[in-house]
Amino acid sequence: MPIVLTLDKSLSVLETIVLHPEGIGTRPLAQKLGINVATAHNIAMTFVARGYVRQDEVTRLFYPGVRLMLLSRHPAYLRSLTTTARHVVHAVANELNESVMLVTGDHGRIINLEYVPSRQALRVQEPEDVSGVAHGTAFGKLLLAYFDEPTLDTYLAQYGLPRHTRHTITDPTAFRAELARVREQGFSQTRDELCEGISAIAVPIRDPWGAVFAALGASAPTVRLQNDEQVEFTLDGLRRGAAEIERLWAHSTSATVSDAPPGNRRGRPRKVSQPPAT
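Residues numbered from 1 in each chain as written. Predicted model: local features only at pLDDT ≥ 70, side-chain atom pairs only at ≥ 80, totals over all residues. Heavy atoms only, no water.

A. Expanded view of the overall build of the chain. A count of helical and extended segments in the chain gives nine helices and seven strands. Going through the 278 residues of the chain one by one, you find that 42% of them count as buried. Considering only residue pairs separated by 6 or more positions, the chain has 56% of its internal contacts joining residues 24 or more positions apart. (Helix = DSSP H or I, 4+ residues; strand = E, 2+ residues; numbered from the N terminus. Buried < 20%, exposed > 50% of the residue type's maximum accessible area, 1.4 Å probe, protein only. Contact = heavy atoms within 4.5 Å.)

B. Structural context of a nonpolar patch on the surface. The grouping of V4, L7 and L11 at the surface amounts to a nonpolar patch, some 280 Å² of accessible area in total. Note on placement: L11 falls in helix α1 (residues 5–18). (Patch = residues over 30% accessible without salt bridge, like charges linked within 9 Å, V, L, I, M, F, W, Y side chains within 5 Å. Areas by Shrake-Rupley, 256 points an atom, 1.4 Å probe, with all protein chains shown as cover. Salt bridge = Lys/Arg side-chain N within 4 Å of Asp/Glu carboxyl O.)

C. Spotlight on the packing of α1 against helix α3 (residues 37–50). The contact between α1 and α3 brings their axes to 10 Å, and the two run at 75°. On the basis of the axis angle, α1 is roughly perpendicular to α3. Judged by residue contacts, K9, S10, V13, L14 and I17 of α1 engage T39, I43, A44 and F47 from α3. Looking at the contact of α1 with α3, its residues break down into six nonpolar, two polar and one charged. (Axes fitted to C-alpha atoms, helices over the stretch in contact; angles between N-to-C directions. Parallel < 35°, antiparallel > 145°, perpendicular 65-115°, else oblique. Nonpolar A, V, L, I, M, F, W, Y, C, P; charged D, E, K, R; others polar.)

Pasting the structure below:
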């Protein structure tokens, strides 16, 4: 596949700026990419002119711009994430034979991207709106653990920590300590916190720059998810699924599936011949 080198270089500049939320100057930017300082400056300033990057008037450091943030939240992006990862979620659910859910955080909300219920007679039915109950779920706690402080404060102020069972964590200090444990161990776990007799495990999914922005979780009756062997088996399946989703989201180049006839070289659908009328 032919590569437009100028465009490739420009995208590298943009990605490097995004990777430095604390800001990055022209010279460090050029050094990281191994390009001329003037080239790095001109590319960055072009992004500034278009609103994808902003430059601090005092420090002259570059930061991601508002237009880039809006572009990343295009209405189709969640649908694209779901389409790419759907077959992996179904494969994990089939392997574990438990209910599996893929969720992501979006502007302080917890969004269900894909849910596959278990085939077993005794199974978990997850709620469609998970934002208000996230503190009692494994995937919710995992995503909340990686919210920045202002976003977490806003979430807790809006939804609080209502009690669902005697095991629900309702104290803000204890809940923040629980989130710290989630970050330390690299996965989250609940037992009878949202509903008596229901347990769950969730693992993080990271974007290409290493930030956690989604979670893959499995839920089951507590009787099927209570000993170490069951937990390790579930964790292993979820981690392999999360790694595959990370790979797909980072490297996916597949086109959107369409019902239209195959296009010609100019992108217009080919005419489909109709049988002669009888």
